Amino acid sequence: MSAGGTTTTDTAAVQWLCVACGWLYDPDEGDPDSGIEPGTPFEEIPEDWMCPICGATKSDFRALEPGEEV
């Protein structure tokens, strides 16, 4: 039996790139101007949410790979 502990390498730590304009959604920051609270994983953002910079839809974002730089 192992001691309980949590791992912080989950989807909440993943940043998402808008492929249209390059804006990054960081779950730690959220998008407060659009009503998305800090700590909100990208998967939990409503489907009708749009990029605050260019208006791209949620489907126009892709997850950044660990260590990937923009």
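Residues numbered from 1 in each chain as written. Predicted model: local features only at pLDDT ≥ 70, side-chain atom pairs only at ≥ 80, totals over all residues. Heavy atoms only, no water.

As recorded in an unreviewed UniProt entry, the chain goes by the name Rubredoxin, listed as coming from Pseudonocardia sediminis.

## Describing the side chain of Lys58
What counts, and what does not: Every helix listed is a DSSP run of H or I at least four residues long, and every strand listed is a run of E at least two residues long, numbered separately from the N terminus. By the criterion applied in these results, polar contacts are pairs of N or O atoms within 3.5 Å in which, for protein atoms, one can donate a hydrogen and the other can accept it, and in which residues neighboring in sequence qualify only through two side-chain atoms.
For Lys58, the location among the structural elements is in the loop between β2 (24-25) and β3 (61-63). Side chain to side chain, Lys58 and Glu47 meet in a polar contact 3.3 Å long.

## Re the environment of Leu64
Quick note on the threshold: Remark: exposure states derive from per-residue accessible area (1.4 Å probe, protein chains only) relative to the maximum for the residue type, with buried under 20%, exposed over 50%, and partly exposed in between. In what follows, residue pairs with any heavy atoms lying within 4.5 Å of each other are defined as contacts.
Mapped onto the elements of the fold, Leu64 is located in the segment after β3. Overall, Leu64 belongs to the buried group, its relative accessible area being 11%. Spatially, the C-alpha atoms of Leu64 and Leu17 are 6.6 Å apart, while their sequence positions differ by 47 residues. With near-sequence residues (within four places) excluded, Leu64 lies in contact with Val14, Gln15, Leu17, Leu24 and Val70.

## Section: the nonpolar core
A general feature of soluble globular proteins is that nonpolar side chains tend to end up buried together. Note the cut-off: Residues belong to a common nonpolar core when they are buried Ala, Val, Leu, Ile, Met, Phe, Trp, Tyr or Cys residues joined through side-chain atoms within 4.5 Å.
By size, the foremost hydrophobic cluster in this structure holds 10 residues: Trp16, Cys18, Tyr25, Ile36, Phe42, Ile45, Trp49, Cys51, Ala56 and Phe61. With residues near it in sequence (within four places) discarded, Ala56 still touches Cys18, Ala20, Trp49, Met50, Cys51 and Phe61.

## Focus on the packing of aromatic side chains
Basically, it comes down to this: Pairing of aromatic rings covers Phe, Tyr and Trp, the last counted by its six-membered ring, and requires centre-to-centre distances within 6.5 Å; plane angles under 30 degrees mean stacked, over 60 mean edge-to-face, and any other angle means tilted. In this scheme, the term charge over a ring applies when either NZ of a lysine or CZ of an arginine sits within 6 Å of the ring centre and within 35 degrees of the ring normal.
Using the criterion set out here, one finds nine aromatic pairs in the structure. Geometrically, the ring pair formed by Trp23 and Phe61 is edge-to-face, given 6.3 Å between the ring centres and 90° between the ring planes. With Trp23 in the loop between β1 (16-18) and β2 and Phe61 in strand β3, the pair connects residues that are 38 residues apart, well separated along the chain. When the ring of Trp49 is compared with that of Phe61, the centres are 5.2 Å apart and the planes differ by 50°; the resulting orientation is tilted. Of this pair, Trp49 sits in the loop between β2 and β3 while Phe61 sits in strand β3; the two residues are 12 residues apart in sequence, bridging distant segments of the chain. Here the aromatic cluster, defined as three or more aromatic residues joined through ring pairs, consists of Trp16, Trp23, Tyr25, Phe42, Trp49 and Phe61. Across from the ring centre of Phe42, 5.2 Å away, lies the NZ or CZ of Lys58, which sits over that ring.

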